[in-house]
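What follows is the residue order along each chain.
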Amino acid sequence: MKQDKNQVFDTIIFDFDGTLADSQRCGVMATQKAFEEKGFSVPSESTINYYMGIPIEKSFQEMADSTLSDAELQSLIITFRKYYKEYEESHLVAFPDIVSLLSELQVRSKNCFVLSSKKTNVLQRNLILLNLHLFFREIIGSDKVSNYKPHPEGIEYILNTYKIEKESTLMVGDAIFDLQMGRSARVSTCAVTWGSHSEAILMKENPDFIIHSPLELLKIV
């Protein structure tokens, strides 16, 4: 994982949960509460953390011990969102040095985006809560694409909308789904080790870079 000395990344696309913000406790609590309230088997914390990188429309089916009907899934999602909103103000926090990182990227005139599996309005609410919303050119939630991670549509939307070259784009995320998406879109990828997936799991996806603290990204871009 060595960088080409002539390579310059003008565009950085960030995942949100587990990359910019520590939402793990919030997500686990809301998921378990929703499954319990609706009478389904409650998934373990490790299972929830593994699927945290993909939209709940898909992950809840994966976590359930039987196939959910459309009505059951929608009811579960509504209940989850109710509890998530309740818990986020006390449990959602930005990771240390994220503000410093984004501030420096802004000084360097980098194009920064957030590409998340959350709905755009929820993502916007979370970014405002953490005072991070002004650092990004656009935020892209799951409702802005037809195909969820790890499909490359989200990255392709950014590249096409803003006329950005793949060679100057870096996808940064904490889950294998982010890295798979970046590879499918043929952009460079950077794994972060402070989120939901372990370094060993991330390394199996052969990211171009791997970092252990936010400010290490400044050495790459």
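Values in this document were obtained by computation on a predicted structure and should not be read as measured data.

A. Representation of unusual backbone geometry within the structure. Cis geometry is found at the peptide bond from Lys149 to Pro150, where omega equals 10°. Tracing the backbone through its elements, the reader meets Pro150 in the loop between strand E5 (138-140) and helix H7 (153-161). Positive phi, normally seen in glycine, also occurs at Arg186, with a value near 65°.

B. The domain arrangement of the protein chain, seen in detail. We note that the domain assignment places domain 1 (11-22 + 93-219) and domain 2 (24-91) within the protein chain. Listed by partner, the interface residues are 18 residues for domain 1 and 15 residues for domain 2. Each partner contributes to the roughly 1500 Å² buried at the junction of domain 1 and domain 2, and carbon and sulfur atoms together form 57% of this total. On the domain 1 side of the interface with domain 2, the three residues burying the most area are Arg125, Tyr148 and Phe177, jointly 29% of the side's total. On inspection of domain 1 and its partner domain 2, the count reaches two salt bridges. Across the salt bridge formed by Lys119 and Glu57, the nearest N and O atoms sit 3.5 Å from each other. If you look at where domain 1 meets domain 2, you find five residue pairs in polar contact (both at pLDDT 80 or more).

C. Just the pairing of strand E6 (residues 169-173), in detail. Within E6, five of the five residues are buried, leaving the element largely enclosed by the surrounding structure. The two faces of E6 match: Thr169, Met171 and Gly173 on one face and Leu170 and Val172 on the other face are all buried. Inspection of the sheet shows strand E1 (residues 11-14) paired to E6 by four bridges, in the parallel sense. The residue bridging Ile12 from the neighbouring strand is Leu170, located in E6. Two strands pair when backbone bridges link them, and E6 and strand E7 (residues 188-192) are joined in this way by four bridges, in the parallel orientation. Following the sheet pairing, Met171 is matched in E7 by Thr189.

D. Geometry of the nonpolar core. Membership of the largest hydrophobic core comes to 57 residues, with the highest contact counts inside it found for Phe14, Phe60, Leu105, Phe136, Leu170, Leu217 and Ile220. For this core, the element with the highest residue contribution is helix H4 (residues 70-91), accounting for seven residues. Two domains each put at least three residues into this core: domain 1 (11-22 + 93-219) and domain 2 (24-91). In this structure, Ile140, Ile164, Met171 and Met181 belong to the second largest nonpolar core, which totals 13 residues.

Calculation notes
- Counting from 1, residues in each chain are numbered in the order their sequence is written.
- Residues qualify for local features only when their pLDDT is at least 70, as the model is predicted, and side-chain atom pairs are given and counted only at 80 or more; totals for whole chains, interfaces and linings, by contrast, use all residues.
- The side-chain figures draw on all heavy atoms in the structure; neither hydrogens nor water molecules are used.
- Note on conventions: DSSP H or I runs of at least 4 residues are helices, E runs of at least 2 residues are strands, and numbering of each starts at the N terminus.
- Residue ranges for the domains trace back to a domain assignment, done automatically or taken from a database.
- Residue contacts follow a heavy-atom distance rule, with two residues in contact if any of their heavy atoms lie within 4.5 Å.
- Two parts placed together each lose some accessible area under a 1.4 Å probe, and the buried area is that loss summed for both.
- For this document, the term salt bridge refers to a Lys or Arg side-chain nitrogen within 4 Å of an Asp or Glu carboxyl oxygen.
- In protein, a polar contact requires one atom able to donate a hydrogen and another able to accept it; more generally it is a pair of N or O atoms within 3.5 Å, and residues adjacent in sequence count only if both atoms are side-chain atoms.
- Relative accessibility decides the category of a residue: with a 1.4 Å probe and only protein chains considered, values under 20% of the type maximum give buried, values over 50% give exposed, and everything between is partly exposed.
- Between any two strands, pairing holds if DSSP finds at least two bridges.
- Nonpolar core, defined: a set of buried Ala, Val, Leu, Ile, Met, Phe, Trp, Tyr and Cys residues in which side-chain atoms within 4.5 Å join the residues together.

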